Amino acid sequence: MTKIEVSQIEYVDVIVIGGGIAGISIAEFLARHSRLSIKVLDSAPQLGTFASGKLEGWFHTGALYSGHDDAQTFINCVNSLEDLINLYSSYFSEECNIALTETKPNFFTPAVIPNSKGWFNDRPVYLIHPQKNSPEIGLSGLKSDSVYLEIQRNRVLGRLETAYGQQHNWLQNGNCVAPIYAQVEGYEGLDCSLCYSMESIDDLCCRFDNSYSLENSSYEVIKTLDCSMNTTGIMRTLVTSALERGVTFETGVTIDKLLIDSYGKIQIKSLLCRTQNGFPKRLKARLFVFAVGKGFEPFLSDLQVLAKLKRSRSAMVVAQPALTDTNFVRMSTKRKFHFNHFLHNCEVGGEKFVYSILADSSYTNDDLVNQEYEVDIEPILDSAERYFGKDKLYSRNLFSYECVKTEFISQEEQKRRYSYWIESNPNSNYLCVLPGKFSFFPTVAFQCYRRIKSLINFEEYVEKTTFVPDVKVIEEANKLIADSYPMKIIRNCSAINNNLNF
Ligand SMILES: Cc1cc2nc3c(=O)[nH]c(=O)nc-3n(C[C@H](O)[C@H](O)[C@H](O)COP(=O)(O)OP(=O)(O)OC[C@H]3O[C@@H](n4cnc5c(N)ncnc54)[C@H](O)[C@@H]3O)c2cc1C
């Protein structure tokens, strides 16, 4: 007897494939501004398992990119901050703790609300910009490095002053408005009101110089708006809000096939998949959103994506307990090696842990992504030894882990690297998205919303109340989102230590 396969058929307005920060924020924003039925599918048992759960947790407001030749990525960070304040801070008033603050009469700039609990940590990231007498320049011996350092310093000071200093009033006609490209490119002055002097940073820099047997060199220290963010907390809040608006989430789903009508503009007719229990399903929708991070490869030819997929690997080191209570990044003339230290905290089984994440923002070549070898963490350990001393560093529980970064780039858009990417064709019923940075989620959600609006017409809905979540829904969201990867490491580490104690 032939087996008759039963397949469930489901129809919703929008299907989002991928439940990292991109998929979650798009589904949440769309649900909050429409009455569309929305479903999010993920192949992993929990959401936020991959890049969105493994990152460093650096909320980028542009500092790291302020020295780039082109200001586009810096502007993208600044714009995302504008979107965050305009589109999230009043609705998520308890959680989204960045707001415009009056720094002088009638002059407003964004700031994390001091001592607040929420998505963003109120400890800033201090950006250390070395000068010509720094060990790196001394060791390099290349005149070009020293010249480039000076150019980079001018850009960093100028762009940060324009955006966050005393040049631009972010409050305009009751709205939060970021500076535009021409403003950040046009500012010539080197007077940066954000330059700072702090004993703990001086001590770190001094130890760094001395590790090269050098006298103290000079630095610019800039207090930035960058900070660490609670990425798991952000995803849990957004999923709670989405659940409350009827979004359904299905995890452990395997996508077998896209049924495509490629006559004229491509239309996805159905998505064939199997549920967590292996039950076949045919999903139909008005629109499909692909937000699958490093999982784009199998869909590229069906979806005829034009941009080139670029993947690279990078490693981070977790040190617990934390090495210092200051977040800092040391800018380098080599784009890749900006050593940075981030302070995070988490609660495991009622116990509170404070830990450091160390990274150097470097990525391996994409050709090597699939090869079996480890990313080199020696440069990170070497810098950490110089800043904190070997004794302190190796007295900590130390772990390293890797993460894959996925970007889409086209030749002309090289300058937009580290930025978000959204691709759709008019008359097609899908769009593809990669956020480039977790921090871009407000812009990614908003831009996708606008793109979706242009692809399928629907009635807009404006949420006027603020977010007051139901306890049961919070619990459901908490279960759906995986703990962050560093937190899992610390939990395991604490379990190992407890076993050793017994
Ligand atoms: C080392 C490193 C450090 C970083 N640090 C920072 C930082 O400090 N700050 C910052 O802002 N950004 C940072 N980033 C960038 C950031 O992590 C990513 O841009 C962002 O998390 C990507 O989100 P995503 O939703 O696109 O991808 P992901 O989080 O990877 O989500 C994709 C989801 O799609 C699902 N999926 C994949 N294939 C399928 C399929 N076939 N069917 C169904 N589901 C599927 C996966 O299970 C996953 O849940 C870092 C990246 C790396 C690599």
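Structure: above.
Residues numbered from 1 in each chain as written. Predicted model: local features only at pLDDT ≥ 70, side-chain atom pairs only at ≥ 80, totals over all residues.

## Concerning helix 3 (residues 72-87)
Alright, step 1. Given a rise of 1.5 Å per residue, 16 residues ought to cover 22 Å, and the 22 Å separating the end C-alpha atoms of helix 3 matches this to within 8%.
Alright, step 2. For helix 3, the tally of buried residues reaches 13 of 16 residues, placing the bulk of the element in the interior. (Helix = DSSP H or I, 4+ residues; strand = E, 2+ residues; numbered from the N terminus. Expected span 1.5 Å × (residues − 1). Buried ≥ 20, exposed ≤ 12 C-beta atoms within 10 Å, placed from the backbone.)

## Structural notes on the site of the ligand
Alright, step 1. The full set close to the ligand counts 39 residues, and Gly18, Gly20, Ser52, Gly293 and Gly295 are the nearest of them.
Alright, step 2. Counting residues per element, the ones that place at least two in the shell around the ligand are helix 1 (21-32), helix 2 (51-54), strand 14 (308-320) and strand 18 (397-409). (Near = placed C-beta within 6 Å.)

## Structural notes on the packing of helix 1 against helix 12 (residues 441-455)
Alright, step 1. Interhelical geometry of helix 1 versus helix 12 gives an angle of 55° and a closest axis separation of 8 Å. Of the possible angle classes, the one that applies to helix 1 and helix 12 is oblique. For the pair helix 1 and helix 12, the sense of crossing is right-handed. Side by side, helix 1 and helix 12 meet where Ile21, Ala22, Ser25, Ile26, Glu28, Phe29 and Leu30 of the first sit next to Phe441, Val444, Ala445, Phe446, Cys448, Tyr449 and Ile452 of the second.
Alright, step 2. In the contact of helix 1 with helix 12, the residues fall into twelve nonpolar, one polar and one charged. (Axes fitted to C-alpha atoms, helices over the stretch in contact; angles between N-to-C directions. Parallel < 35°, antiparallel > 145°, perpendicular 65-115°, else oblique. Left-handed = near helix turned anticlockwise from the far one by under 90°. Contact = placed C-beta atoms within 7 Å. Nonpolar A, V, L, I, M, F, W, Y, C, P; charged D, E, K, R; others polar.)

## Description of unusual backbone geometry
Alright, step 1. Here the amide bond leading from Gln320 into Pro321 is cis, since omega sits at 0°, within 30 degrees of zero.
Alright, step 2. Within the element layout of this structure, Pro321 appears in the loop between strand 14 and strand 15 (327-330).
Alright, step 3. Unlike most non-glycine residues, Asn173 shows phi in positive territory, near 50°.
Alright, step 4. Note that Asn173 resides in the loop between strand 7 (171-172) and strand 8 (175-176).
Alright, step 5. For Asn427, which is not a glycine, the phi torsion comes out positive at approximately 75°.

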